[in-house]
Amino acid sequence: MRKQIAVYIEEHRDAMMDFWRQLVQIESGSANKAGVDAVARRVQEELDTIGAHTEIHEMKRAGNMLVSVLNEDVPEAPVLLLGHMDTVFPDGTVADRPFTLRDGKAYGPGVLDMKGGVTIAVFAMKALKEAGWTKRPVRLVLVGDEEVGHRNSDGNQQIMEQAWSAVATFNCESGRLGNEVVVQRKGALTYRMDVTGIAAHAGNEPEKGRSAILEMAHKVIAIQNLTDWQQGTTYNVGVISGGTVANAVPDTASILIDVRYLKKEYVPDIEAKLQDVAHTNYVDGTKTSLTQLSCCIPMERMAGTDGLLAKVQEAYASFGMPRPSGIIVGGGSDSAYTVAAGVPTICAMGVEGSRHHSPEEYACVESLYARAKALAYVVTMV
Ligand SMILES: [Zn+2]
């Protein structure tokens, strides 16, 4: 099986490169529904050639979702392959910097995040089909709005529904330089804090004012000091605004706060600590409110994660690649939802590269083929 997979991928290097190039050349920023939907159609067309059963889940206000199943009639728990088709780049980016190859690296919008990963998932399925592997269904789920956190769809709910019956998930998200994979990701909470003070002329009667900015300055330091490196919970005041002119005691100040955390069970404590800062008065006569703006759950390490990682390591090693270490990162992904559905998940199984979400984004071409082989093979090991 391992050998057949390797032969298939080696013989289809050009086809993989063409497919990757075509996907990058389709403009598919999260806001470009027509573009994301076109990516889904191109993926469906490719998987039609191996007789996979594909359904397109129509979304009204976001890119569509694709679910494609190989070995649909096999009555075993499926292996889930996960990914997204949208990118963070606005329309016009493809014209500015089309798919390009240079010194063993590929450039272009979404080349790493994650059209390389979509290419890997699709060709892993094709390799499994060609190798005659029929032990389990392989279910590919590609969403259209990961980069905006599914705010205009129920994509996260649908991922959980697709995942719950699966035995394992491999998320083909952007791979990292250094051959690592991701076993745990922090969750993210965002809050807004508003302070109201009392305005006054800064020269004539400053004593009558109550500075919202001074109050907020104390609070910013208090919030930053909540960071607990040991526990992995970090607080970042990322935006600050307040006041109107230099010669008035300011009566308004606002901040936006980002909190990263490893376990869902930490959330009540995070909330309580922020409420505590909100309710502690440093400047008499000011008032403070705290509002949660968003909550992304963490991809937690679960029983089964380490066993699945060991299989990924073995699969990589069997193709002569270094055994990937499983790391913890602060940035989120849809793997949080497959873990929430109780399915062991390994993330960042896509093409290796760096600088995603920037114009310098690039992917290492050889890793496209190497990681497609490893992905197809580890599916057979689950
Ligand atoms: Zn991504």
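Above this text sits the structure in question.
Residues numbered from 1 in each chain as written. Predicted model: local features only at pLDDT ≥ 70, side-chain atom pairs only at ≥ 80, totals over all residues. Heavy atoms only, no water.

Caption draft 1: Geometry of unusual backbone geometry. In the segment running from Asp113 into Met114, the intervening peptide bond is cis, with an omega of -10 degrees. Tracing the backbone through its elements, the reader meets Met114 in helix α5 (residues 111–130). In the Ramachandran plot, Asn179 falls in the positive-phi region, its phi being about 65 degrees despite a non-glycine side chain. Among the secondary structure elements, Asn179 is positioned in the loop between β8 (175–176) and β9 (181–185). The exposure class of Asn179 is buried, given its relative accessible area of 7%. (Helix = DSSP H or I, 4+ residues; strand = E, 2+ residues; numbered from the N terminus. Buried < 20%, exposed > 50% of the residue type's maximum accessible area, 1.4 Å probe, protein only.)

Caption draft 2: How the structure looks around the nonpolar core. The biggest cluster of nonpolar side chains holds 67 residues, and the ones touching the most others in it are Trp20, Val43, Leu81, Leu140 and Phe170. Ranked by the residues each element gives to this core, the list is headed by α5, at 12 residues. In contact with Trp20, other than residues within four places in its own chain, are Phe99, Ala106, Val111, Lys115, Gly116, Thr119, Val351, Ala363, Val365 and Leu368. Ala212, Ala222, Ile255 and Ile257 belong to the second-largest nonpolar core, a separate cluster that totals 25 residues. (Core = buried A, V, L, I, M, F, W, Y, C linked by side-chain atoms within 4.5 Å. Contact = heavy atoms within 4.5 Å.)

Caption draft 3: Looking closely at the packing of helix α3 (residues 33–48) against α5. Relative orientation of the contacting elements α3 and α5 amounts to 20 degrees, with a least axis distance of 10 Å. Judged by the angle between their axes, α3 and α5 are roughly parallel. As α3 packs across α5, the resulting crossing turns out to be right-handed. For the pair α3 and α5, contact is made by Val39, Val43, Glu46 and Leu47 and by Lys115, Val118, Val122, Phe123, Met125 and Lys126, respectively. Split by residue class, the contact of α3 with α5 holds seven nonpolar, no polar and three charged. (Axes fitted to C-alpha atoms, helices over the stretch in contact; angles between N-to-C directions. Parallel < 35°, antiparallel > 145°, perpendicular 65-115°, else oblique. Left-handed = near helix turned anticlockwise from the far one by under 90°. Nonpolar A, V, L, I, M, F, W, Y, C, P; charged D, E, K, R; others polar.)

Caption draft 4: Examining the coordination of the zinc ion more closely. Within the protein, the zinc ion binds to His84 (NE2), Asp113 (OD), Glu173 (OE) and Glu173 (OE); these donor distances fall in the range 1.9 to 2.4 Å. Binding-site remark: the zinc ion is held by donors from one chain whose sequence spacing is H-x28-D-x59-E. Placement of His84 in strand β3 (residues 79–84) and of Asp113 in helix α5 is noted, with a sequence separation of 29 residues between them. On the accessibility criterion, Asp113 (5% relative accessible area) is buried. (Donors = N, O, S within 2.8 Å, 3.2 Å for Na, K, Ca; no water.)

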